[in-house]
Amino acid sequence: MRPRTIFIRQSRWNADGEGMILSTARAGAEAGSVNEDVSPLEWGGGLPFDDGRAGAKFGVAVLANDLFDKISTQEQSQGVLCVFALPSLDSRSGSRPVTGSSVMVLDRIEDPNNLGVIMRTMEAFGSKTLIMTKGTVDVFNPKVVRCSMGAVVRGSIEVMQVESASELRSLLRGFRIFATSLAGGRSCVSSSDLSRCVTGRDAFVLGNEARGVSPEVLAVADDIVRIPMVPGVDSLNVSVAAGIVLHAALPAAGKMPS
């Protein structure tokens, strides 16, 4: 997660100093070692030219408090903004096979907070592939990035996009597709029984917050998953449902953490 550029609010820089900021950045360099000859830019100076090379050293810019506050999306910011290289997003139609034992499919999820939390949950439970249907919120939305706690930029989750249910079915050839639904229906599986039904190559579909999984996507699913709830409660937040389903499928995949 090595940043390309770090913007620091002047009050934070004055309080913490150069040593803490740069040592923290170096310690978090998951993509490799950070060049040790980096020095902060002088006040009022320009940013270093970024030629896009993976090994290029990062720059540090201290911004006046008012300017920093204008570009920050947070009312109560920690005073540090980092710019990362944009990961590639695979928008293809089946140019490479889907890998891994657990795939998450999001059908028209609109809330960026939900998408970010789902990606964070996927990392926790070892799900390596995310497929989004047309109409799902942008994976690089600032709220998605923030709520994912780094899952978007770490690169441990492969992100794909599909335009139609038929494209999704083709992409998931060889996978058993479980779609979540409140209504139940054909081949309905309770989440408590999910570990006995997964095959080791499974995809789990979650739908729009208000409308659920679309009829078109529901039609290409092999089974329906229903999460039992007490009477009087008619739904769960979609990110909570994703955590329940992924955790329920862990034992059969041999991934249950200690």
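Procedures and definitions
Residues numbered from 1 in each chain as written. Predicted model: local features only at pLDDT ≥ 70, side-chain atom pairs only at ≥ 80, totals over all residues. Heavy atoms only, no water. Helix = DSSP H or I, 4+ residues; strand = E, 2+ residues; numbered from the N terminus. Pairing = 2+ DSSP bridges. Axes fitted to C-alpha atoms, helices over the stretch in contact; angles between N-to-C directions. Salt bridge = Lys/Arg side-chain N within 4 Å of Asp/Glu carboxyl O. Buried < 20%, exposed > 50% of the residue type's maximum accessible area, 1.4 Å probe, protein only. Expected span 1.5 Å × (residues − 1). Polar contact = N/O pair within 3.5 Å; in protein donor to acceptor, adjacent residues only side chain to side chain. Patch = residues over 30% accessible without salt bridge, like charges linked within 9 Å, V, L, I, M, F, W, Y side chains within 5 Å. Areas by Shrake-Rupley, 256 points an atom, 1.4 Å probe, with all protein chains shown as cover. pLDDT = per-residue confidence, 0-100. Contact = heavy atoms within 4.5 Å.

## So, the environment of Leu 67
- In this fold, Leu 67 is placed in helix 2 (residues 65-71).
- Note: C-alpha distance between Leu 67 and Arg 9 (58 residues apart in sequence) is 8.5 Å.

## Notes on the sheet that holds strand 2 (residues 59-63)
- With respect to topology, three strands assemble into an open sheet ordered 2-1-3, the strand pairing being mixed. Of all the strands in the sheet, the pair left with one neighbour each is strand 2 and strand 3 (80-83). Sheet twist, expressed as the mean angle between neighbouring strand axes with direction ignored, is 20 degrees.
- Judged from the four bridges that link them, strand 1 (residues 5-9) and strand 3 form a sheet pairing that is antiparallel. Bridged to Ile 8 within strand 3 is Val 80.

## Quick word on the pattern of salt bridges
- Taken as a whole and assessed by the stated rule, the structure comprises six salt bridges.
- Residue Arg 169 is joined to Asp 222 by a salt bridge in which the shortest nitrogen-to-oxygen separation is 3.4 Å. One end of the pair, Arg 169, is in helix 6 (residues 165-171); the other, Asp 222, is in the loop between helix 7 (215-219) and strand 10 (223-226), and 53 residues separate them in sequence.
- Using a relative accessible area of 25% as the deciding quantity, one classes Arg 169 as partly exposed.
- Taking relative accessible area as the criterion, Asp 222 reaches 32% and is therefore assigned partly exposed.
- Arg 196 is the partner of Asp 193 in a salt bridge, and the nearest nitrogen-oxygen pair spans 2.4 Å.

## A word on helix 3 (residues 112-124)
- The terminal C-alpha atoms of helix 3, which comprises 13 residues, lie 19 Å apart, in line with the 18 Å expected from a rise of 1.5 Å per residue.
- Those residues of helix 3 lying buried are Pro 112, Asn 114, Leu 115, Gly 116, Ile 118, Met 119, Thr 121 and Met 122.
- A distance of 2.8 Å separates the backbone nitrogen of Asn 113 from a side-chain oxygen at the start of helix 3, and that oxygen is part of Asp 111.
- Positioned one or two residues after helix 3, Gly 126 has a phi angle of 75 degrees, which is positive.

## Things to note about a nonpolar patch on the surface
- Taken together, the side chains of Leu 236, Val 240 and Ile 244 present a nonpolar region at the surface, about 200 Å² in accessible area.
- Topologically, Leu 236 is positioned in the loop between strand 10 and helix 8 (238-253).

## Quick notes on the sheet that holds strand 6 (residues 158-162)
- Reading across the sheet, the seven strands line up as 6-5-4-9-7-10-8 and stay open at both edges, with parallel pairing between neighbours. Edge strands, defined here as strands with exactly one partner in the open sheet, are strand 6 and strand 8 (188-190). Here the strands of the sheet are splayed against their neighbours by 25 degrees on average, with no regard to which way each runs.
- Pairing of strand 8 with strand 10 involves three bridges; the strand directions are parallel. If you follow Ser 190 over to strand 10, its bridge partner there is Arg 226.

## Concerning the confidence of the model for the protein
- On average, residues of the protein score 81 in pLDDT, and 75% of them are at 70 or above.
- Segment residues 31-47: pLDDT under 50, and 34 contacts once partners within four positions in sequence are set aside and those in other chains are kept.

## Some details on the environment of Asp 202
- Looking at where Asp 202 falls in the secondary structure, it is placed in strand 9 (residues 202-207).
- Overall, the relative accessible area of 3% leaves Asp 202 in the buried class.
- For the pair Asp 202 and Ser 101, spaced 101 residues apart in the sequence, the C-alpha separation amounts to 6.1 Å.
- For Asp 202, the residues in contact, after removing those within four places along its chain, are Ser 101, Ser 102, Val 103, Phe 175, Arg 176 and Phe 178.
- A distance of 2.8 Å separates a polar side-chain atom of Asp 202 from the backbone nitrogen of Gly 200.

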